[in-house]
Amino acid sequence: MVAKEIFLNQTTANRGADKKMVELSENFTLECDELDKDHERLVEMVNEITAKLEEGITENCEDTVRAFINFTKGHFNREEQFLIKLGYPDVSKHRKHHHELYEKMDHIMEFARSASANELARKSLKKELVFFLMDDVITTDLDFKSFIGGEKT
Ligand SMILES: [Fe+2]
Ligand SMILES: [Fe+2]
C-alpha cells in the first residue's frame, strides 16, 4: 500500500530527530479544521503513548490507550455527522468502515492490558497503534477529501 510506504519513510526519518513516531504531512490533511484538529490530537496521543513505551514506562498505559480509543470513537461520530450535514453520498460506506475498526480497537486494548508484563505486547501495541492510526483512520479519510474541498466548520 502506497500510503503505508510513504508513512514508514516519514516515520523512519522522524525518529532520529525528535523521537516522534508519527507526524502528519500535508498530504494527509483534509483542509477541514474540525477534522484535522481531531486527527492531530490522535497523532499526539499515539506519539505520547509510543514515547512512553520506548522508554519502557507502562504505568497508565491502559488508561492512555483507552483515552485514545474513546477519542477515536468520538472522532468517528463527529466525522459522520459532518459528512451527513454536507450530503456526502458515501457516508454509509465510511460509517461501515469506522464500525469495522471496533474489533481492532478491542485488540489494541488487549495489548495495552498486557503491556506492563509482556515485551511482545508492548511491541505489538506500538505497531498496531501506528498502523491503525495511519492506515485505518487517517488514510481512508482521503476518500472524501476532494468532496469536502476545503469546507470550514
Ligand atoms: Fe477521520
Ligand atoms: Fe474516517
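Let me sum up the structure you'll find in this document.

Thresholds, definitions, all that
- Residues numbered from 1 in each chain as written.
- Chains lettered and ligands numbered in written order.
- Predicted model: local features only at pLDDT ≥ 70, side-chain atom pairs only at ≥ 80, totals over all residues.
- Helix = DSSP H or I, 4+ residues; strand = E, 2+ residues; numbered from the N terminus.
- Buried ≥ 20, exposed ≤ 12 C-beta atoms within 10 Å, placed from the backbone.
- Core = buried A, V, L, I, M, F, W, Y, C linked by C-beta atoms within 7 Å.
- Contact = placed C-beta atoms within 7 Å.
- Expected span 1.5 Å × (residues − 1).

## Concerning unusual backbone geometry
Okay, so step 1: Despite not being glycine, glutamate 31 shows a phi value in the positive range, around 60°.
Okay, so step 2: Mapping glutamate 31 onto the fold places it in the loop between helix 1 (2–18) and helix 2 (33–54).
Okay, so step 3: Owing to 13 C-beta atoms within 10 Å, glutamate 31 belongs among the partly exposed residues under this scheme.
Okay, so step 4: With a phi close to 70°, asparagine 60 is a non-glycine residue in the positive phi region.
Okay, so step 5: Tracing the sequence through the fold places asparagine 60 in the loop between helix 2 and helix 3 (61–86).

## Describing the nonpolar core
Okay, so step 1: One finds Val46, Ile108, Leu129 and Leu133 to be the most contacted residues of the largest nonpolar core, which totals 25 residues.
Okay, so step 2: Counting residues per element, the ones that place at least two in this core are helix 2, helix 3, helix 5 (102–114) and helix 6 (119–138).
Okay, so step 3: Among the elements that line this core, the one with the most residues is helix 6, at eight residues.
Okay, so step 4: For isoleucine 108, the contacting residues outside a window of four places in its chain are Val65, Ile69, Leu125, Glu128, Leu129 and Phe132.

## Section: the environment of methionine 45
Okay, so step 1: In this structure, methionine 45 sits in helix 2.
Okay, so step 2: Along the sequence, methionine 45 and alanine 67 sit 22 residues apart, while their C-alpha atoms lie 8.6 Å from each other.
Okay, so step 3: Among all residues touching methionine 45, those that are not within four sequence positions of it are Ala67, Phe68 and Phe71.

## Topic: helix 3
Okay, so step 1: For helix 3, which comprises 26 residues, the first-to-last C-alpha distance of 37 Å matches the rise-based estimate of 38 Å (1.5 Å per residue) to within 8%.
Okay, so step 2: Residues Cys61, Val65, Phe68, Ile69, Thr72, His75, Glu79 and Leu83 constitute the buried set of helix 3.
Okay, so step 3: Considering only its buried residues, helix 3 is in contact with helix 2, helix 4 (91–100), helix 5 and helix 6.
Okay, so step 4: Looking one or two places after helix 3, you find glycine 87, whose phi comes out positive at around 75°.

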